[in-house]
Amino acid sequence: SQVDQSYAREKNLTTWDVVTIASMIEREAQVPAERKLVAAVIYNRLEEGMPLGIDATIGYIDPDPSNGLPVSDFEIDSPYNTRLHTGLPPTPIASPGIPSLRAALNPADVPYLFFVAGQDGRHVFSRTYGEHLRAIAQVRSTCAFDLGCCLARVGLDARIANADGARLAERARQQRLAQAGHTF
């Protein structure tokens, strides 16, 4: 049967890109109902030129999976590190299932730019950096696993979110200037 790829085509994405997006959804979304929301965050961040910040891509390049994801893993300079590099990783990071492919082809229509995973695998989705910081604090307050790792990762999230926030603020400033007739 045919698959509707019109949304991906509108975004100038190839079938390979869709499979790559679906692979990140496959690894990131633990709750089936969140697949389309994770897809929306990926598309929204791509549109904004923001790093995707998908922890599952860090897991893909993790040199020692037995120790979880320490902060040093988030600093690995690799095209798969979507915390440090914008755009899609060069290849899929997993074999996506049909539900993840469907989510990649038809993401939710929501303005979310951020998410953080709770201990139960459910995500808290946010539109703004401020909302994201509150979500991180919420997750931190219920963090029952390795608290040191949790706090270190939250710190890393905050550093990356600060960079994202600055990028978004500059883009908004440029849009206001363009609307006022200024050229760049």
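It should be noted that the structure appears before, not after, this text.
Residues numbered from 1 in each chain as written. Predicted model: local features only at pLDDT ≥ 70, side-chain atom pairs only at ≥ 80, totals over all residues. Heavy atoms only, no water.

> Honestly, the nonpolar core in this entry has me stumped. Any pointers?
In globular proteins that are soluble, nonpolar side chains generally tend to be buried together. With 24 residues, the main nonpolar core has I21, M24, I25, V38, I42 and I54 as its most contacted residues. Where this core is concerned, the elements lending two or more residues are α2 (15-28), α3 (35-48), α4 (55-61) and α5 (98-105). Excluding residues within four positions of it along the chain, M24 makes contact with I42, L52, I54, T57, L88, P89 and I93. (Core = buried A, V, L, I, M, F, W, Y, C linked by side-chain atoms within 4.5 Å. Buried < 20%, exposed > 50% of the residue type's maximum accessible area, 1.4 Å probe, protein only. Helix = DSSP H or I, 4+ residues; strand = E, 2+ residues; numbered from the N terminus. Contact = heavy atoms within 4.5 Å.)

> Explain the packing of α2 against α5 to me, please; I cannot follow it from the model alone.
When two helices pack together, their arrangement is given by the angle between the helix axes and the distance between those axes. At their nearest, the axes of α2 and α5 sit 8 Å apart, and the two run at 120° to each other. Classified by the angle their axes make, α2 and α5 are oblique. Both α2 and α5 take part in a crossing whose hand is right-handed. Taken together, the residues of α5 that come into contact with α2 (itself represented by V18, V19, I21, A22, I25 and E26) are S100, L101, A103, A104 and L105. The residue makeup of the contact of α2 with α5, split by class, is nine nonpolar, one polar and one charged. (Axes fitted to C-alpha atoms, helices over the stretch in contact; angles between N-to-C directions. Parallel < 35°, antiparallel > 145°, perpendicular 65-115°, else oblique. Left-handed = near helix turned anticlockwise from the far one by under 90°. Nonpolar A, V, L, I, M, F, W, Y, C, P; charged D, E, K, R; others polar.)

> Help me understand the side chain of N81, please; the structure alone is not making it clear to me.
Positionally, N81 belongs in the loop between α4 and α5. Side-chain polar atoms of N81 contact the backbone oxygen of F74, separated by 3.0 Å. Apart from the residues within four sequence positions on either side, N81 is in contact with T57, I58, I61, D73, F74, E75 and I76. (Polar contact = N/O pair within 3.5 Å; in protein donor to acceptor, adjacent residues only side chain to side chain.)

> What is the right way to look at the packing of α3 against α5 in this model?
At a closest axis distance of 8 Å, the pairing of α3 and α5 adopts a crossing angle of 45°. Compared by their axis directions, α3 and α5 come out oblique. Considering the relative orientation of α3 and α5, their crossing is right-handed. Residues R35, K36, A39 and Y43 of α3 form the contact with α5, whose participating residues are P99, S100, A103 and A104. Across the contact of α3 with α5, the residue classes tally to five nonpolar, one polar and two charged.

> Would you mind going over the pattern of salt bridges with me for this structure?
Opposite charge on two side chains allows them to pair when their charged atoms are near. Taken as a whole, this structure holds four salt bridges when the rule is applied. For the salt bridge of R127 with E131, the shortest nitrogen-to-oxygen distance reads 2.5 Å. (Salt bridge = Lys/Arg side-chain N within 4 Å of Asp/Glu carboxyl O.)

> Got a minute to help me understand the packing of aromatic side chains in this structure?
One pair of aromatic rings is described through two measures. These are the centre distance and the angle between the planes. Enumeration according to the criterion identifies four aromatic pairs in this entry. Taking the centre distance of 4.9 Å and the plane angle of 45° together, the rings of Y60 and Y80 count as tilted. Here Y60, found in helix α4, pairs with Y80, found in the loop between α4 and α5; they are 20 residues apart in sequence, far enough to count as distant. What makes Y80 buried here is its relative accessible area of 15%. Three or more aromatic residues joined by ring pairs form one cluster here, namely Y112, F115 and F125. (Phe/Tyr/Trp six-rings, centres within 6.5 Å; stacked < 30°, edge-to-face > 60°.)

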